[in-house]
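Architecture and fold: a report
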Amino acid sequence: MASLYTNQDSNVRKTWALMGVFFLIIIAIGWAFSAAYNAPEILYIAVVISLCMNVGSYWYSDKLVIAMTGAKPVFKKDNPDLWNIVENLSITAGLPMPKVYVVDDQAPNAFATGRDKEHAVVAVTTGLLSVLNRTELEGVVAHELSHIGNRDILISTIAVVLAGFIAILSNMFLRMARFGGSRNNRNGGGLQAIGLIVGLLLAILAPIAATLIRLAVSRKREFLADASGALLTRYPEGLASALEKISRYGQPMQRANDATAHLFISNPFGSSKGLHALFMTHPPVEERTKALRES
């Protein structure tokens, strides 16, 4: 099972790099608007906010994800079959037993979250439990445990908070520019005008960059988690069959949202068509099942 941990060090480095990039983006936006409005306090506030968000995203992002998805904890007495599957596969993978959660939603899906393997969560929907047989459920759980073993969960969970926060912050700065830009231009000042333009560009581009990073993180790692999960169960067909059943449902989850979409094993928005398909957080199911069956 050594392959389960192949990219751990790389993922840790990428996590710190991602946090650094978000930190710099927020600082850049703060600097641009502090120059535009000749208000140094904006930059100071941006520094404090970026530091707090980086720390908060590390310690509390998993709790935010659980709250956003409406997941509830379950124990062995509540669902012994699910509990035993998670426990047995965790032992096989050499991982601590994660907390087990269930989301009350008819759409079949699952996700893993947490800052490390000692503080991990595996969550499945009630719909998933109702449509999958045991071997298929084992394949899905193995996939999620692979995300934990590969240390995907930290960067994916942090991306939920940081990407969402940058979108909120950028929107706030755009509103500042809308209501304060004309007054500032009348007061003159080339530096302020340049700062305002740069700030507007950063405010517009930052959420797009955050989304693209989140998409890249998710798509690339789904294939790795599929392969690692198949290695864990020694039965790739179980996960392949589960993915096909999940994709056939086609309806969105009740609490699906862009911030957490990349965490799930399958697109929580159901079938995607048109322009929305360009921003899917998951590779096509056909590609994933083909890779599993050819492995």
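Only a predicted model underlies this, so the values are computations on that prediction, with no experimental measurement involved.

What follows is about the environment of I27. Summarising the element assignment, I27 is placed in helix α1 (residues 8–36). For I27, a relative accessible area of 18% translates into the label buried. Excluding residues that lie within four positions of it along the chain, I27 makes contacts with L43, A46, V47 and S50.

Taken as a whole and judged by the stated rule, the model has 2 cavities of 30 Å³ or more. As a volume, the second largest cavity reaches approximately 30 Å³. The wall of the second largest cavity is formed by T69, M253, R255, A256, N257, T260, F264 and P268.

To continue, consider the confidence of the model for the protein. Averaged over every residue, the pLDDT of the protein is 80; the share at 70 or more is 72%. In this model, residues 1–6 is a region of pLDDT below 50 whose contacts with residues beyond four sequence positions or in other chains number 17 contacts.

Take the nonpolar core next. In this structure, L82, L128, V140, L145 and I148 are the most contacted members of the largest nonpolar core, which totals 34 residues. Put simply, the parts of the chain that give this core at least two residues each are α3 (80–93), β2 (99–103), β3 (110–114), β4 (120–125), α5 (134–149), α7 (190–233), α8 (236–249) and α9 (285–294). When sequence neighbours within four positions are dropped, the list of residues in contact with L128 reads A107, P108, N109, A110, L137, V140 and I246. Grouped together as the second largest cluster of nonpolar side chains are 12 residues, Y101, V103, A107 and A123 included.

Take the pattern of salt bridges next. Counted under the stated rule, the structure contains 8 salt bridges. As a salt-bridge pair, D78 and K77 come within 3.3 Å of each other at their nearest N and O atoms. Across the salt bridge formed by R221 and D152, the nearest N and O atoms sit 3.5 Å from each other. Here R221, found in helix α7, pairs with D152, found in helix α6 (residues 152–186); they are 69 residues apart in sequence, far enough to count as distant. The class of R221 is buried, set by a relative accessible area of 8%. Of the residues examined, D152 reaches a relative accessible area of 1% and is grouped as buried. Through salt bridges that share partners, E222, D226 and R288 make up one connected network.

Definitions and cut-offs
- Residues numbered from 1 in each chain as written.
- Predicted model: local features only at pLDDT ≥ 70, side-chain atom pairs only at ≥ 80, totals over all residues.
- Heavy atoms only, no water.
- Helix = DSSP H or I, 4+ residues; strand = E, 2+ residues; numbered from the N terminus.
- Buried < 20%, exposed > 50% of the residue type's maximum accessible area, 1.4 Å probe, protein only.
- Contact = heavy atoms within 4.5 Å.
- 1 Å grid on protein atoms, 1.4 Å probe; cavity = no way out; pocket = protein on both sides within 12 Å on 5 of 7 lines; lining within 4 Å.
- Points joined across faces, edges and corners; volume = space filled by probe spheres on them.
- pLDDT = per-residue confidence, 0-100.
- Core = buried A, V, L, I, M, F, W, Y, C linked by side-chain atoms within 4.5 Å.
- Salt bridge = Lys/Arg side-chain N within 4 Å of Asp/Glu carboxyl O.

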